[in-house]
Amino acid sequence: MPQPEPDHPDVTGPPVVLLTGASGYVGGRLLPLLERQPVVVRCLARNPDKLRPLVRESTQVVRGDVLDPASLAEALHGVHTAYYLVHLMSDSKDFEKEDRQAATHFAEAARKAGVRRIVYLGGLGDDADPDLSPHLRSRHEVGHILKESGVETVEFRAGMVVGAGSLSYRLLKSLTDRLPVMVCPRWLTTATQPVAVDDVLAYLLAARELPAGGSRTFEIGGPEVVTYADLIREYARQRGLRRRLIFVPVLTPYLSGLWLALVTPAAYEVGRHLIEGLRNPTVVRDKAALEVFPVRPVGVTEAIRRAIAGTTG
């Protein structure tokens, strides 16, 4: 049976850009930047009434839920570029299943609507690693699902995003602020390449104007490869805190999750999944992003300085 022709966006007016995840940290920071662009901004929201006070009058807010495929057609109608910044880890006990369903629904709806490009923010990590954490494995699977839709997808893979409202940064901040002596698992010495939130936003914005060329994956990170322990030490240095880290081989990710739940404001499940991902190296192996985009990410010292200023300012 022939498929219906996609409803291609109207090219006579400014392009329509759909933002999902506008209530999240990265999406919330991206929203005002998009509103300054020569585009029509539309936000998908499960509860539009909560989001409307946060957007400009010209910004459209459409009710919809990525887990409800019937609700997506209106939101995607006429859209040129769709930002997919959805992650259901904080809302579900089986986030891998729900992330898979959500991505499948969104990808199919985007294809039917004739969306020209999806921009997605996922996570670093080696696909070939048999011990890849569920969190990172799910991030990669979502990117694959979006690409398989046939809609051109620009996937960014990032490690820890350093910014005042980032959950990973808040975990680091809470631990360092509250614990003068930390008993740390050895996997806190795993290599990682964090990136400042401002640089993530710059990449996301630049992706909208990237020339057409098929689906692509870009690994993004700051210029330095460090460890989570290095980040703790640098945060402590900038805050003038004396902290001692004692590394032991027996503190499992599961026990660490219970420990984190006691000392941080993050929900236990979310914190556990995030720290499980710390056992996997999250470093940039393909530096194509530096060749394709004009973004030059700042280093760890500056990224943490900005995050502290954003927290206390």
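Above this text is the structure in question.
Residues numbered from 1 in each chain as written. Predicted model: local features only at pLDDT ≥ 70, side-chain atom pairs only at ≥ 80, totals over all residues. Heavy atoms only, no water.

The buried fraction of strand β6 (residues 152-158) amounts to seven of the seven residues, a majority that puts the element mostly inside the structure. Residues E152, V154, F156 and A158 of β6 are buried on one face, and the alternating residues T153, E155 and R157, pointing to the opposite face, are buried as well. Sheet analysis places strand β5 (residues 117-123) next to β6, joined by seven bridges and oriented parallel. Residue pairing in the sheet places V119 in a bridge with V154 of β6. Judged from the five bridges that link them, β6 and strand β11 (residues 216-220) form a sheet pairing that is parallel. Its bridge partner being in β11, R157 is matched across the sheet by E219. (Buried < 20%, exposed > 50% of the residue type's maximum accessible area, 1.4 Å probe, protein only. Helix = DSSP H or I, 4+ residues; strand = E, 2+ residues; numbered from the N terminus. Pairing = 2+ DSSP bridges.)

So, on to the pattern of salt bridges. For the structure on display, the rule yields 22 salt bridges. Close ionic contact of D198 with R29 constitutes a salt bridge, the shortest N to O distance being 2.7 Å. One end of the pair, D198, is in helix α7 (residues 197-207); the other, R29, is in helix α1 (residues 25-35), with 169 residues separating them in the sequence. In this structure R29 comes out as partly exposed when scored by relative accessible area, which is 31%. With its nearest N and O atoms 3.2 Å apart, the salt bridge here joins E209 to R208. You can call E209 exposed: its relative accessible area is 58%. (Salt bridge = Lys/Arg side-chain N within 4 Å of Asp/Glu carboxyl O.)

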